[in-house]
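Architecture at a glance
Chain by chain, the residues run as shown.
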Amino acid sequence: MSTLLYGLPVPGLVDIPAGATQVSPLVPGSSDLAAVPDASADAALVLAPGGTLERDHVLAQALRALKPGGRLMAFAPKDKGGSRLKKVLERFGCEVSEDARRHHRFCAVIRPESPVGIGEAIAAGAPRLSPDLGVWTQPGVFSWDRLDPGSARLMELMPPMAGDGADLGCGVGLLALRVLASPRVSSLACVDIDRRAVDCARHNLGDPRVTVRWADVRRLDDEPARLDFVVMNPPFHDGGTEDRDLGVAFIQAASRALRKGGVCWLVANRHLPYEAALSSSFESFDVRADAGGYKVIEARK
Ligand SMILES: C[S@@+](CC[C@H](N)C(=O)[O-])C[C@H]1O[C@@H](n2cnc3c(N)ncnc32)[C@H](O)[C@@H]1O
């Protein structure tokens, strides 16, 4: 029996059959749900994302990939969209049996012969060229339809870069585009954990100086310390929950990747206490601006 698994539920929340195929874009190396052939899977377990367009797209993709009669179990924390799952699945023509435990809602459905409106939901959440941003993007990726104000602040303040560098957590590549405007940049290694962002960044950064890698920055231990610069707007949410250790891990990864004397330009929400991590990972650092809720920091290894 073939089972698709979307996401990483906390252990014990649902029974995951051995051999289930992970299809979340946030798990490097997983399969792409959009590439699973129509009506091919027996079952799907979907930890539904919170954003409306993204959630409807994922649930519609799961229904598309299931055989008629296949079982879908969609679930989410009650306060992160779980209470809306039943309505969405009913709109797709499914009969839903709902259950609640451990602060989650669980919706079990049998895939109907002809689900209603899944093509529209798939199209509404698909990658697209944003006329406002001028780049490829997709609902669900970080700040998918607008320039993040923190990244905008960093772009305003950082000087033109030079040499070999990296953009850790590159998203769809807006910060990277700014870095590449400097002709003195020889190479830029872009990394993100989100396959959708990586796919968009590959479209958006068609520049021979760029490589884009789908990976977890916390596991980049193979990188030699040779870079001249790193730029980043580190994430501080993991699975929707604030995780300050994630930002600290980015600071440590930036330090590991830099040569002695290399610089890291980063932006952080001003409430995040990164000073201790910067002090222990870098020779020195300066807060270049602290306004509008953001700190822009230059750190030197
Ligand atoms: C604050 S956003 C910045 C995106 C982009 N640089 C920008 O300025 O628009 C942080 C990015 O880090 C990515 N990310 C989160 N956790 C990650 C991890 N462990 N490894 C690599 N990338 C990660 C997210 O997918 C997101 O694209």
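First, a word on scope: everything that follows refers to the structure included in this document. For every chain, the first residue of its written sequence is number 1, and the numbers climb from 1 along that sequence. Side-chain atom pairs in this predicted model are given and counted only at pLDDT of 80 or more, local residue features only at pLDDT of at least 70, and totals for whole chains, interfaces and linings cover all residues.

1. Some points on the sheet that holds strand E11 (residues 210–214)
- At least two DSSP bridges between two strands are needed for those strands to be called paired. Secondary structure elements follow DSSP: runs of H or I no shorter than four residues count as helices, runs of E no shorter than two count as strands, and numbering proceeds from the N terminus. As summarised here, the arrangement of the 7 strands in space is E11-E10-E9-E12-E15-E17-E16, forming an open sheet in which the pairing is mixed. Each of the sheet's edge strands pairs with one partner strand only, and the pair in question is E11 and strand E16 (284–291). With direction set aside, neighbouring strand axes in the sheet form an average angle of 15 degrees. Orientation is described by lines fitted to C-alpha atoms, with helices fitted over the stretch in contact, and by angles between N-to-C directions that extend from 0 to 180 degrees.

2. A short note on the environment of Asp-32
- Along the polypeptide, Asp-32 turns up in the loop between strand E2 (21–22) and strand E3 (41–47).
- You can call Asp-32 partly exposed: it has 13 C-beta atoms within 10 Å.
- Residues Asp-32 and Thr-21, 11 residues apart in the sequence, show an inter-C-alpha distance of 9.9 Å.
- Not counting chain neighbours up to four residues away, the residues in contact with Asp-32 comprise Val-23 and Arg-195. Counting other C-beta atoms within 10 Å of each residue's C-beta, where C-beta atoms are placed from the backbone, gives the exposure class: buried for 20 or more, exposed for 12 or fewer, partly exposed between. We call two residues in contact when their backbone-placed C-beta atoms lie within 7 Å.

3. Details of unusual backbone geometry
- You will see that Ala-39, though not glycine, has its phi angle at about 50 degrees, which is positive.
- The residue Ala-39 is located in the loop between E2 and E3 in this model.
- Look at His-103: it is not a glycine, yet its phi comes out positive at around 60 degrees.
- Positionally, His-103 belongs in the loop between strand E5 (96–101) and strand E6 (104–110).

4. Some details on the pairing of E6
- Judged by how many residues are buried, E6 sits mostly within the fold: 5 of 7 residues are covered.
- Note: strand E4 (residues 66–77) against E6, 7 bridges, orientation antiparallel. Residue pairing across strands places Phe-75 opposite Phe-106, the latter belonging to E6.
- Pairing of E5 with E6 involves 6 bridges; the strand directions are antiparallel. Counted as the bridge partner of Arg-101 is His-104 from E6.
- Turn length for the E5-E6 hairpin, with the two strands adjacent in sequence and antiparallel, is 2 residues, and the turn residue Arg-102 shows positive phi of about 45 degrees.

5. Notes on the nonpolar core
- By definition, a nonpolar core groups buried Ala, Val, Leu, Ile, Met, Phe, Trp, Tyr and Cys residues that are joined through C-beta atoms within 7 Å. Core analysis: the largest hydrophobic core is formed by 58 residues, its most contacted members being Leu-168, Ala-176, Cys-190, Ala-201, Val-230 and Ala-254.
- Excluding residues within four positions of it along the chain, Leu-168 makes contact with Val-191, Val-217, Val-230, Met-232, Phe-250, Ala-253 and Ala-254.
- Listed in part, the 33 residues of the second largest apolar core include Leu-5, Ala-48, Leu-72 and Cys-107.

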